[in-house]
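Commentary on secondary and tertiary structure
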Amino acid sequence: MINFEIDGKVVSVPKNGTVMDGANQLGIYIPHFCYHKKLSIAANCRMCLVQVEKAPKPLPACATPAMEGMKVFTHSGQAVTAQKGVMEFLLINHPLDCPICDQGGECQLQDLAVGYGASSSRYTEAKRVVANKNLGPLISTDMTRCIHCTRCVRFGQEIAGIMELGMAGRGEHAEILSFVGRTVDSELSGNVIDLCPVGALVSKPFRYSARTWELSRRKSISPHCGLGSNLIVQVKQNRVMRVLPRENEVINECWLSDKDRFSYEGLNSEERLSKPMIRRDGEWQECNWQTALEFVANGLKAVKEKYGAQRIGALASAHSTLEELHLLQKLMRGFGSANVDHRLRQSDFRADGHLLGVPWLGMSIAELSRLRSVLIIGSTLRKDHPLIAQRLRQAVKQGAQLNLINPVDDDLLTKVANRAIVAPAAMVSLLAQVLKAAAELRGVEIPGAVEDAVSQLEVTDVARAMAASLIDIKPSAILLGNLAQHHPRYGDIHALAQHLAQIAEAQFGVLGEAANSVGAYIARAIPDPHIQQAPAANPSSQPELKGMNAQQMLGISETGAVADPCQAYVLLNLEPELDSYNSQQTVKALDAAELVVMMGAYKSPHALSRNYADVLLPIAPFTETSGTFINTEGRVQIFNGVVAPLGETRPAWKVLRVLGNMLGLDGFDYDAPEQVRAEIFPDESEVSRLLDNNLRGFAVESTEAPEGTTSGEIQRIGEVPIYQADPIVRRAGSLQRTHDAAAPVAWMAGALMDRLGVRLGDSVRVKQGGGVVQLAAARDDKLPADCARVAAAHPLTAALGDMFGPIEIEKL
């Protein structure tokens, strides 16, 4: 440690620490613009000049290394004179337009000009003017205000991983530019708005809509990805106007993904459902809550009497709160059915009876930055988990090795040590090769549960390199992404990854798809009560029934054959045609049902046009209700509503409570969500004992492609686009105008396009399971042979079937 003085106070900083570090530690504010604790030192604004004893001139605090015994003065005459001189230079060309600047009231330059600026300028010449740039639908520019701090440039290079902005020119002619004809398309791009200390880069959706002093600031938690990012939601007149990051070093640091930052527009969508609606004689009619809930209760009773409770199912989204999911499963089990599930995009449930606990990250989120070797299996990492990808990017910068087994080869904007881009059907075989290679390198026996499937495999060089990376470089980890969880052989992938982690002595985790993916298990929104031990104070009060999983409820058996679907469905916080593994079969099952109850925040266009729903109940999104999310690391995060519910919208936990009472069920007398949460776990510390990724007694029988896979058959790779992940994001107008939200196309390698006689841009007909869609052909030579990347969860592809399965493509 280095000991020195700042303004007469002694401080200690680590070796290589700076004067600025010491000042921050003491709580002494040194004015600055270009310095940011998460970015490299640029020292180009010179606002942080301070006096250092025996130094001939003022020195920048951000770039001056701490020296033993040095004495620093931050507010001496010399320091203040230097800082005022820098401020005068900065204001020479800065426009005097604070009243119309969108940054007014929260501008660092404005604040520091009060303390360090003169009452008038000595500069009488004309100020320079810089043309504005089109950076896309999220960021608005006024580059005349730019003071060249280069925070935005350094953020792109160092955090986002891609240099989308740079500085051209010198002196007075310097300006920040994007590359010619390019917009800023990073999934983390909105952070440059927070970083900009002036009004040069501001939020385009928020611009000119409110002043900062008009806004109330309220804490919340993002529901979109497994991270559960901490938010500051800014509100005006009961309307969400803006979302900013709430700093939390162990979760999202000081960053937000664009999905978390701009999805608030969906909360104010014209498609919001504000009154209950019932379909009568094919026509939708608004009604009051009493009528709607009586209709639901009577309908459920009629189906139970006619078909039995086991023909009633509940499907929920893991974007719902812990309390909502708990009451939904309690309602179903109390009514005599254990058919409840939140895993609509999962297709392989063979491991359910073998899970020892709740699937989770396997470590804390902060530990990701300290990994030195990691194997990612089945993930479009940057789009599914933008801030986890950012943490791994920083780990690679520190020397970590990133290994990848995936059906697509998207640019992760970081160095990948070893990668295997294989067809979905070959992922199991490749992972088994890594397992065998690890066993050979460690000189241990292959576990009996997978020995028969693995022993005859030939190990490739890339598999051996991955195994060596996990074994030789510690700490290491194996993480299963969203594509792996959606894979038709997820159970085999999970088991092989578990055994590989045990042999390699690596940590093993599952990247949660939504903010409450872990909480949904703990709330028991699953059909099998033995997946984990319920933590409720009196779990025996609920009958231990064995229910159907999401696929079985929708009429798909474990073998993939069509079976008898349920006759009544309660759908919570989802749009089934976009949020399920096989949207074609899902809509077919709902069409055939006698009763479909949709509890959601929106009038789903598909539900209204297809008329598969019978009643729509308006429930509050996360900003209009209080609740709990348990994120992918098992952290319990409680939040409150930030605005009042829209119209006659009600929190889902209240709707389920009343419905439970109308059905005559015991234990539905709650007055607050805190009572529901206390019933789930009286003590938050109990959550940690439920977290366990391991399977017991699950055997992998084969690593070969499933029967029926023929040579030359085209396999679909159906990932979920970043801005189609949930109902709120789908309605965020600005996000839907970004490059990542472009209409889906049929991506194919050049060899497959040649075989089909298709050229780039041609229209092709894509068929799957009786569904047909028309898309444009696009070329990606990094895709595996005989594979086509056709996005799922999108209205333009909703007519297709399995996210991973055979498809037909023909030129129009």
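About the cut-offs
- Residues numbered from 1 in each chain as written.
- Predicted model: local features only at pLDDT ≥ 70, side-chain atom pairs only at ≥ 80, totals over all residues.
- Heavy atoms only, no water.
- 1 Å grid on protein atoms, 1.4 Å probe; cavity = no way out; pocket = protein on both sides within 12 Å on 5 of 7 lines; lining within 4 Å.
- Points joined across faces, edges and corners; volume = space filled by probe spheres on them.
- Helix = DSSP H or I, 4+ residues; strand = E, 2+ residues; numbered from the N terminus.
- Nonpolar A, V, L, I, M, F, W, Y, C, P; charged D, E, K, R; others polar.
- Domains from an automatic or database assignment.
- Pairing = 2+ DSSP bridges.
- Axes fitted to C-alpha atoms, helices over the stretch in contact; angles between N-to-C directions.
- Parallel < 35°, antiparallel > 145°, perpendicular 65-115°, else oblique.
- Contact = heavy atoms within 4.5 Å.
- Expected span 1.5 Å × (residues − 1).
- Buried < 20%, exposed > 50% of the residue type's maximum accessible area, 1.4 Å probe, protein only.

Description of empty space enclosed by the protein
- Tallied over the entire structure, the rule returns 12 cavities of 30 Å³ or more.
- Quantified by volume, the largest cavity comes out at close to 400 Å³.
- Considering the residues around the largest cavity, the lining is formed by 25 residues, among which A318, H342, R343, E513 and S517 are closest to the centre.
- For the lining of the largest cavity, the element with the highest residue contribution is helix α16 (residues 517–522), accounting for 3 residues.
- Each residue belonging to the lining of the largest cavity can be placed in one class, and the counts come to 12 nonpolar, 9 polar and 4 charged.
- Quantified by volume, the second largest cavity comes out at close to 260 Å³.
- Lining the second largest cavity are 26 residues, with N573, A601, Y602, P727 and I728 sitting closest to its centre.
- Mapped onto the lining of the second largest cavity, the elements with two or more residues apiece are β23 (595–600) and α23 (727–730).
- It is β23 that contributes the most residues to the lining of the second largest cavity, 3 residues altogether.
- For the lining of the second largest cavity, the per-class residue count stands at 14 nonpolar, 8 polar and 4 charged.
- For the lining of the second largest cavity, the two domains that each supply at least three residues are domain 3 (278–346 + 546–678) and domain 5 (715–811).

Here's the deal with the sheet that holds strand β24 (residues 615–618)
- If you trace the 7 strands from one edge of the open sheet to the other, you get β14-β13-β24-β23-β22-β15-β16, paired in mixed fashion. Whereas interior strands pair on both sides, the edge strands pair on one side only; in this sheet they are β14 (283–286) and β16 (340–341).
- Here 2 bridges tie strand β13 (residues 277–280) to β24, and the two strands are oriented antiparallel to one another. Residue pairing for β24: M277 is matched across the bridge by L616.

Topic: the packing of helix α4 (residues 151–160) against helix α10 (residues 386–397)
- Put simply, α4 and α10 touch, their axes get as near as 9 Å, and they point 85° apart. Considered as vectors, α4 and α10 are oriented roughly perpendicular to each other. Here Q157, E158, I159 and A160 of α4 lie close against α10, whose contacting residues are Q390, R393, Q394 and K397.

Observations concerning helix α13 (residues 461–472)
- In this model, α13 (12 residues) spans 16 Å end to end at C-alpha, consistent with the 16 Å of a helix rising 1.5 Å per residue.
- Every buried residue belonging to α13 is among A463, M466, A467, S469, L470 and I471, and all of these are buried.
- The elements touched by buried residues of α13 are β17 (373–377), β18 (401–406), β19 (418–421), α11 (427–442), β20 (476–480) and α15 (490–504).

Observations regarding the sheet that holds strand β27 (residues 714–717)
- Strand order in this closed barrel of 6 strands is β27-β31-β28-β30-β29-β32, and the pairing throughout is mixed. Taking each pair of neighbouring strands and ignoring which way they run, the sheet shows an average axis angle of 45°.
- Pairing between strand β29 (residues 763–768) and strand β30 (residues 771–779): 6 bridges, direction antiparallel. Paired with Q768 across the two strands is G771, which belongs to β30.

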